[in-house]
Amino acid sequence: MKLTKLIAAVSLGLASLTASAIPLASLSGPVEIKLGGLTNESNAIAGTTETTWGIGYIESMKAQTNTGQWLAGTGEGYLYYMIYGIADLSIIPDGAGFDIYNIGATGGSFDGKIHLDIYYSATQIANIDQFKNASPADRIDYNSYAAYAGLGSPYLQLTFGSDIQQVDRPETPQDERLATLVQNANAQTLPTSGDGKFFLDVIGGTAMTQWDTNGQAFGHDMSGNFTLRPNFGPDFNPNCTEQQVIDNVCFPGLINDPIIAASVPEPGSLAMLGLGLFGLAGLRRRKSAAK
């Protein structure tokens, strides 16, 4: 093959790599994780300080260095999550709405941290990511949701980290610098609209090695912002009806927006990527989480 043709072939191959979906284990460098979710305040665990929890899905993970992206449902299955253990630290009116500061719930099995567990599923759970009308009544335990039963060990286990709030608000006796989830909402309870921010720390899961990089501010593994809006009503492209929310068969809040993370590909994936290139050249109440 002439040199010009070889260069063209390699360039074409690299272009297709950057544009196409790649395996989860091959993601590297800074990664933007696009997610959506559903939040709820009913079925909080009795005897604890929990106020809010939710479930959700991950749409894509895109490497910011143009090395490709993982897309849900493109041959590698789907990723779903459960966020739980959100407890109010303080709620402060700000004139236009409310500043809401959250910490981890205590009591029962809760450990004082807000948790986010991500699960891999080979098949789509359409009520969560397609129809967005899953039932909050399907919560099994403080860290369990019926649709995730049988999925095995979590892909990732994360907790919400400190450092998100740098100022202690003088309006309350609480120290708002302890908050690990900060929200700004136009109402104190769901359904509401607003936004928030957080840090995440990887504490376990089958992919822990790949994502435990301490690559974000203050040594956290991920940082995120989110928006929140009601999941019913004529102005919000509803997936639930108000009666379904009242009857506890549909989540009242919708959340989305990206999380920024760093990823280290697994050694086996690095080797395969190198071989591929070589072959081409010669390839709420208020809020919540995940609020």
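Structural data are supplied above this passage.
What you see is a predicted model, and the numbers here were worked out from it, not measured in a lab. (Residues numbered from 1 in each chain as written. Predicted model: local features only at pLDDT ≥ 70, side-chain atom pairs only at ≥ 80, totals over all residues. Heavy atoms only, no water.)

## A look at the overall build of the protein
Basically, it comes down to this: A helix here means a DSSP run of H or I that spans at least four residues, while a strand means a run of E at least two residues long, and both kinds are numbered starting from the N terminus. The rule is simple: take the accessible area with a 1.4 Å probe, protein chains only, and divide by the maximum for that residue type; under 20% is buried, over 50% is exposed, in between is partly exposed. The Shrake-Rupley method, run with a 1.4 Å probe, gives the accessible areas here. Residue values count only the displayed protein chains as cover.
Across its full length, the protein holds five helices and 15 strands. The burial tally for the protein puts 47% of its 291 residues in the buried class. With an accessible surface of roughly 12,900 Å², the protein has 56% of that area assigned to carbon and sulfur atoms.

## Quick notes on the nonpolar core
Note the threshold: Definition used in this section: a nonpolar core is a set of buried Ala, Val, Leu, Ile, Met, Phe, Trp, Tyr and Cys residues joined via side-chain atoms within 4.5 Å. In what follows, residue pairs with any heavy atoms lying within 4.5 Å of each other are defined as contacts.
Judged by nonpolar contacts, the single largest core of 34 residues is most densely connected at L27, I33, M61, I118, L156, W211 and M222. Listing elements by their share of this core, those giving two or more residues are β1 (29–40), β2 (52–63), β4 (78–93), β8 (115–121), β11 (156–160), β13 (194–204), β14 (222–230) and β15 (253–263). Counting residues per element, this core draws most heavily on β4, which supplies four residues. Other than its neighbours up to four places away in sequence, W211 contacts L27, V31, I33, M61, Y155, L156, V202, D221, M222, A261, A262 and S263. Y80, Y119, Y148 and L254 belong to the second-largest nonpolar core, a separate cluster that totals 19 residues.

## Considerations on the environment of Q244
In this structure, Q244 sits in helix α4 (residues 242–246). For the pair Q244 and F232, spaced 12 residues apart in sequence, the C-alpha separation works out to 9.2 Å. If near-sequence neighbours (up to four positions away) are discounted, Q244 is found in contact with N239, V249 and C250.

## Let's talk about the pattern of salt bridges
Applied cut-off: A pairing counts as a salt bridge when a side-chain nitrogen of Lys or Arg comes within 4 Å of a carboxyl oxygen of Asp or Glu.
On inspection of all chains with the given rule, the structure shows four salt bridges. Here R169 and E171 are joined by a salt bridge, their closest N and O atoms 3.1 Å apart. Using a relative accessible area of 16% as the deciding quantity, one classes R169 as buried. Judged by relative accessible area, E171 falls into the partly exposed class, the value being 48%. The closest approach of N and O atoms between R177 and D175, which form a salt bridge, is 3.0 Å. Here the salt bridges share partners, and the residues they tie into one network are D99, R169 and E171.

## Remarks on the packing of aromatic side chains
Quick reminder of the rule: The rule is short: rings of Phe, Tyr and Trp, with Trp giving its six-membered ring, pair when the centres are within 6.5 Å, and they are stacked under 30 degrees, edge-to-face over 60, tilted in between. Geometrically, a lysine NZ or arginine CZ counts as sitting over a ring once it is within 6 Å of the ring centre and also within 35 degrees of the ring normal.
Within the structure shown, the criterion is met by 11 aromatic pairs. With 5.0 Å between their ring centres and 45° between their planes, F160 and F198 make a pair best called tilted. Of this pair, F160 sits in strand β11 while F198 is found in strand β13, placing the two residues 38 residues apart along the sequence. Per residue, the accessibility class of F160 equals that of F198, and both read buried. Aromatic rings pair up to connect W53, Y78, Y80, Y119, Y145, Y148 and F251 into one cluster. Above the ring of W53, the side-chain terminus of R139 is found at 4.6 Å from the ring centroid.

## A few points about the state of the cysteines
Let me state the cut-off plainly: The rule for a disulfide is simple: a pair of cysteine sulfur atoms within 2.5 Å.
Considering all chains together, one arrives at one disulfide under this definition. Paired through a disulfide, C240 and C250 show a sulfur-sulfur distance of 1.7 Å. Looking along the S-S bond of the C240-C250 disulfide, the torsion reads about -70°, which is the left-handed sense. Of this pair, C240 sits in the loop between β14 and α4 while C250 sits in the loop between α4 and β15, and the two are 10 residues apart along the sequence. One exposure class covers both C240 and C250, and it is buried.

## Thoughts on the side chain of D129
This is how the line gets drawn: For the charge count, each Lys or Arg is scored as positive and each Asp or Glu as negative, with His and the chain ends excluded. Under the rule applied, a polar contact is a pair of N or O atoms within 3.5 Å (in protein, one hydrogen donor and one hydrogen acceptor; residues adjacent in sequence only if both atoms are side-chain atoms).
When you line up the elements, D129 lands in helix α2 (residues 126–129). Buried charge D129 goes without a salt bridge, the closest partner of opposite sign being K132 at 7.1 Å. At a separation of 3.2 Å, a polar atom in the side chain of D129 contacts the side chain of Q124. Leaving out residues up to four positions away in the same chain, D129 has contacts with Y57, Y78, Y80 and Q124.

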